[in-house]
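Chain by chain, the residues run as shown.
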Amino acid sequence: MSQVIFIKGLMLGIALAFILPILLPPGRPWRVPGGIVLGLATGLILAALIPGGYLSYVISFLIMASIYGLLSLGLNTQWGYTGHLNFGVAGFFAVGAFTSALMTIEAPTGVAAQYTQVLFGLEMPFLVGVATAAVVSGVVALIVAVPVLRLRMDFLAIATIGVAEIIRLIFQNERWLANGPQPLRGIPQPARCLFESEGCAWLPEGMAWIIEPLTTRDYSAFYLIVVAAFLALLYLIIERACRSPWGRMLRAVRDDEASAAMNGKHVTYARVQSFVVGAVVMGIAGALYAHYTVAIDYSHFHALFATFIVWIMLMLGGSGNHRGAILGAIIIWAVWSGTSFIASGLEPVLAAIHEELPGRAQYIRWLLVSLLLAGIVLFRPQGVLREEMRVSNYLRKDGGSRDG
Amino acid sequence: MAVPGTDHEQPAAEAQRLGERLREMTRTRTFLIATLIVILALMYLFGALSGAGSRLMSLTAWGLMLGGVIALGSIGLTLVYGVMKFPNFSHGALVTLGAYVTYTVLPLLPDGPTLSPLSFGYEFLVAMVVAMPVVGAVAIALDRAVYRRLRRTGSHLVLFAMASLAMAFFLRSLIYLIWGPDFHFYYPGQPNPAFRLPLNIRVQGDQVFILVMAFVFVAGVSALLEWTKMGKAMRATADNPDLAGVRGINTERVIAWTWGLGGALAACGGVMYGLSSQLRPEMGFWLLLPMFAATIMGGIGNPYGALIAALIIGISHQVSTSFLDPTYGPAVAFVLMVITLLIRPQGLLGRDGG
């Protein structure tokens, strides 16, 4: 096994070591160590067995799946735990992406300024960009929440579609803000210099040889670690929060507002809190997406495209179950990526029906995915992993205490 | 201070009462109407200030015409929303489907003479009349395949909304597959003369036709709801499906008729929208937000309300273009909708307490 393959496998393994412990069944002592070992082993084996081109496909698949996992996690806090019918995921996704982009890019000067207009470009580090994205997305959610969360559930769905559409329209029209309808290019990637020939200034002399043989093409493997780490961290935080009294309060508000209020819970605050927390997670997902794709524009955040697929992920995985939300994201992203092969495989058949059809094969993907959502709604609305109604880790299923 | 004194409670209770009184005052229809008038007046003011004073009358006229298109789409939506009690997100796709079916039927018919001052001949109306039941049948088929199953299992409203979102995407991708992503026109390259009205307003014959048609359909649907047996059954089903069933109304049949009628009206709205601009697969989605805004603002289930609200939305949409980028149109409709929901969720013509 050459050094390049080993390092790539190691990076993939580290990323999987972040993701797999989430997916393994909870409540077992071997969950985390087992997941880490399994992840590292899988990464190395995959790198050894799969040729380079396919390996980068696997890596980019996992990056997008993790970003969608974050979106699904955020939506689960809003919908699964509190029952906010948020059909405007794309809006918060876009806010996060554009905020982080503006915080980290270099403001164009000279001739470039005529082609790229931005409100500001602060050249801040990546993590500052992500943190700002989280904050701004949360603030937008707070502003939206005040008038909108009071509405009845069906009105809330319509209103959030409207919010996402307006956010998209703003990024589409306002040239001064983030280059309007033109894409915003040159979003910096964290620690990309590691993979460039001159290397990073901050890297100690003795370390350089480790990643020496890697080129910028292998950068995505490193970025996968970043995204996977964010996914694991946010999963941990959100899962903790939702298992705490706060999460039980959210469920109480969702299931019976009146009795939650009677037990001294401030229903409005609880609803606003969960909406903002969900939006913060979506904003972080947006930031990670922006730094991954390097160039973003409004069309990436189509009101229904970014929202619709996240809803399918959550519905399939199981609303009210964070593990399910992330599992659903991975499954649906796999299905979505798989349908592109189906669509291209169907091209000869389509060509036999009509000459123009093969060019439209991509729409078959939407057709299949929409049928999938209809199928989930009709036949398994609770999703693959049901919501766990367990109140405490220290209670046995029969209601007795573990300590006896 | 272990025991709060009565002196301390007194002002608090009064403040509470004042707050309640204020809330009661702002929750009235009058207050909603006044707010909408103030917003419209402000829009005209902004328009005049940004130097579009001379165009404002024309914009108002075009706004009325656009309101006609929105109204045609909203009648079906308000009907389905009223009876089925869930927001049907696939209505936009039904609108698009109607426009495209007409586009396909049109070349099969012999070309008639152009009905001056309109830009189309009899064959266009015939094509529309063919498309309406087709889309109605599609709507009924979707109900049979999806929504009826959900009704049988007594599913939550959310699942209906999700299913309708899925059906919106299903229809949308079908439309993309069959007709492709390109723009189309019913009569490409045909001149569409505008005639001049006083106050320097120019309108096309087609636009007046659309507006008249919106009025006719609204009156027709209202009459249907008011006087026919099926309309009464629809209202009964909307109020309480179980009770309607007990009284011998076949609610499944009523629901099927509602879907059929809603789909047919959606098709009509799509055809008129396609006539006034062009056909593109996203047209229905663009219209979805204004249609929902009109439905909610007018009061769910109320065709007259939908018409009035659609005209208000159309006018504010057009007048707002004098100081805003025209693509912000859906945003204007959205803001009006949220204001309505905050002041009076049952809308302009909705019943109290609902």
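Within each chain, residues carry numbers counting from 1 in the order of the written sequence. Note on labels: chains are lettered from A, ligands numbered from 1, in written order. Note on the predicted model: pLDDT of at least 70 is required for a residue's local features to be given, and 80 or more for side-chain atom pairs to be given and counted; whole-chain, interface and lining totals, by contrast, use all residues.

### Concerning the overall build of chain B
- Of regular secondary structure, chain B possesses 13 helices and two strands.
- Each radius of gyration reported is based on C-alpha atoms, and the globular scaling rule is 2.2 Å times the count of residues to the power 0.38. A compact globule built from 354 residues would reach a C-alpha radius of gyration of about 20 Å, and chain B, at 23 Å, matches this within 12%.
- Reported as C-alpha extents along the three principal axes, the dimensions of chain B are approximately 90 × 60 × 40 Å.
- Exposure classification rests on a simple neighbour count of other C-beta atoms within 10 Å of a residue's own: a residue reaching 20 or more is buried, one at 12 or fewer is exposed, and one in between is partly exposed. C-beta atoms are placed from the backbone. By residue count, 48% of the 354 residues in chain B fall in the buried class.
- Residue pairs qualify as contacts under a 7 Å threshold applied to their C-beta atoms, which are placed from the backbone. Across chain B, every contact between residues at least 6 apart in sequence was considered, and the portion connecting residues at least 24 apart equals 78%. Comment: elements are numbered from the N terminus, with helices defined as DSSP H or I runs of at least four residues and strands as E runs of at least two.

### Details of the overall build of chain A
- If you tally the helices and strands in chain A, you get 17 helices and zero strands.
- Scaling as 2.2 N^0.38, a compact globule of 404 residues should have a C-alpha radius of gyration of about 22 Å, and chain A matches this with 22 Å.
- By its C-alpha atoms, chain A is 65 × 55 × 55 Å across when sized along the principal axes.
- Residue burial in chain A is summarised as follows: out of 404 residues, 46% are buried.
- Considering only contacts in chain A between residues 6 or more positions apart, those separated by 24 or more positions represent 76%.

### Here's the deal with the interface of chain B and chain A
- Listed per partner, the contact involves 33 residues of chain B and 33 residues of chain A.
- Those elements that provide at least two residues to the side of chain B that touches chain A are helix H5 (122-152), helix H6 (157-179), helix H11 (283-298) and helix H13 (329-343) of chain B.
- In terms of residue class, the side of chain B that touches chain A is built from 28 nonpolar, three polar and two charged. Gly falls in the polar group here, along with every residue not listed as nonpolar (Ala, Val, Leu, Ile, Met, Phe, Trp, Tyr, Cys, Pro) or charged (Asp, Glu, Lys, Arg).

### Let's talk about helix H13 (residues 267-293) of chain A
Residue and element names in this part refer to chain A.
- Multiplying one less than the number of residues by 1.5 Å gives the expected span of a helix. When the terminal C-alpha atoms of H13 are compared, their 39 Å separation across 27 residues agrees well with the 39 Å that a helix rising 1.5 Å per residue should span.
- In terms of residue burial, H13 counts as a mostly covered element, since 21 of its 27 residues are buried.
- After H13 finishes, the residue Val294 shows a positive phi value of roughly 70 degrees.

### What about the packing of helix H1 (residues 3-23) of chain A against helix H2 (residues 31-49) of chain A?
Residues and elements named next belong to chain A.
- The angle between two axes is taken between their N-to-C directions and runs from 0 to 180 degrees, where each axis is a line fitted to C-alpha atoms and a helix contributes only its stretch in contact. Where H1 meets H2, the closest approach of the two axes is 7 Å, and the angle between their N-to-C directions is 150 degrees. Helix-helix and strand crossings are classified by hand; for H1 and H2 the assignment is right-handed.
- Split by residue class, the contact of H1 with H2 holds 16 nonpolar, six polar and two charged. Take the far helix as your reference; a near helix turned counterclockwise from it by less than a right angle gives a left-handed crossing, and one turned clockwise gives a right-handed crossing.

### Examining the nonpolar core
- One finds Phe93 and Ile284 of chain A together with Ala71, Val135, Ala267 and Ala293 of chain B to be the most contacted residues of the largest nonpolar core, which totals 242 residues.
- The element best represented in this core is helix H3 (residues 56-84) of chain B, accounting for 17 residues.
- Setting aside anything within four residues of it in sequence, one finds Ala71 of chain B in contact with Ala214, Val218, Ala294, Ala306, Leu307, Ala310 and Leu311 of chain B. To form a nonpolar core, buried Ala, Val, Leu, Ile, Met, Phe, Trp, Tyr and Cys residues must be joined through C-beta atoms within 7 Å.

### Quick look at the domain arrangement of chain A
All names here are of chain A.
- Residue ranges for the domains originate in an automatic or database domain assignment. Looking at the assigned domains, one finds that chain A contains domain 1 (1-49) and domain 2 (50-379).
- Taken together, the contact pairs 16 residues of domain 1 with 22 residues of domain 2.
- Those elements that provide at least two residues to the side of domain 1 that touches domain 2 are H1 and H2.
- Per-element tally for the side of domain 1 that touches domain 2: the top contributor is H1, with twelve residues.
- Tallied by class, residues from the side of domain 1 that touches domain 2 come to 14 nonpolar, one polar and one charged.

### Side note on the confidence of the model for chain B
Residues and elements named next belong to chain B.
- Residue-level confidence of the predictor is summarised by pLDDT, bounded by 0 at the bottom and 100 at the top. Averaged over every residue, the pLDDT of chain B is 86; residues scoring 70 or more account for 93%.
- Mean pLDDT in chain B bottoms out at helix H1 (residues 6-26), which sits at 68, and peaks at helix H4 (residues 91-105), which reaches 94.
- Ignoring residues within four places in sequence, the model shows residues 1-6, a span with pLDDT below 50, making one contact including any to other chains.
- Scoring of the predicted complex yields 0.88 for pTM and 0.84 for ipTM.

### Some details on the packing of H5 of chain B against helix H10 (residues 251-276) of chain B
All names here are of chain B.
- It is the contact of H5 with H10, at a shortest axis distance of 7 Å, that shows an interaxial angle of 135 degrees. In terms of orientation, H5 lies oblique with respect to H10. Handedness of the H5/H10 crossing: right-handed. Where H5 abuts H10, its residues Met128, Ala131, Met132, Pro133, Val135, Gly136, Val138, Ala139, Ile140 and Asp143 lie against Ile255, Ala256, Trp259, Gly260, Leu261, Gly262, Gly263, Ala264, Ala266, Ala267, Cys268 and Val271.
- Here the contact of H5 with H10 is built from residues that sort into 17 nonpolar, four polar and one charged. What sets the label is the angle itself: under 35 degrees gives roughly parallel, over 145 gives roughly antiparallel, 65 to 115 gives roughly perpendicular, and the rest give oblique.

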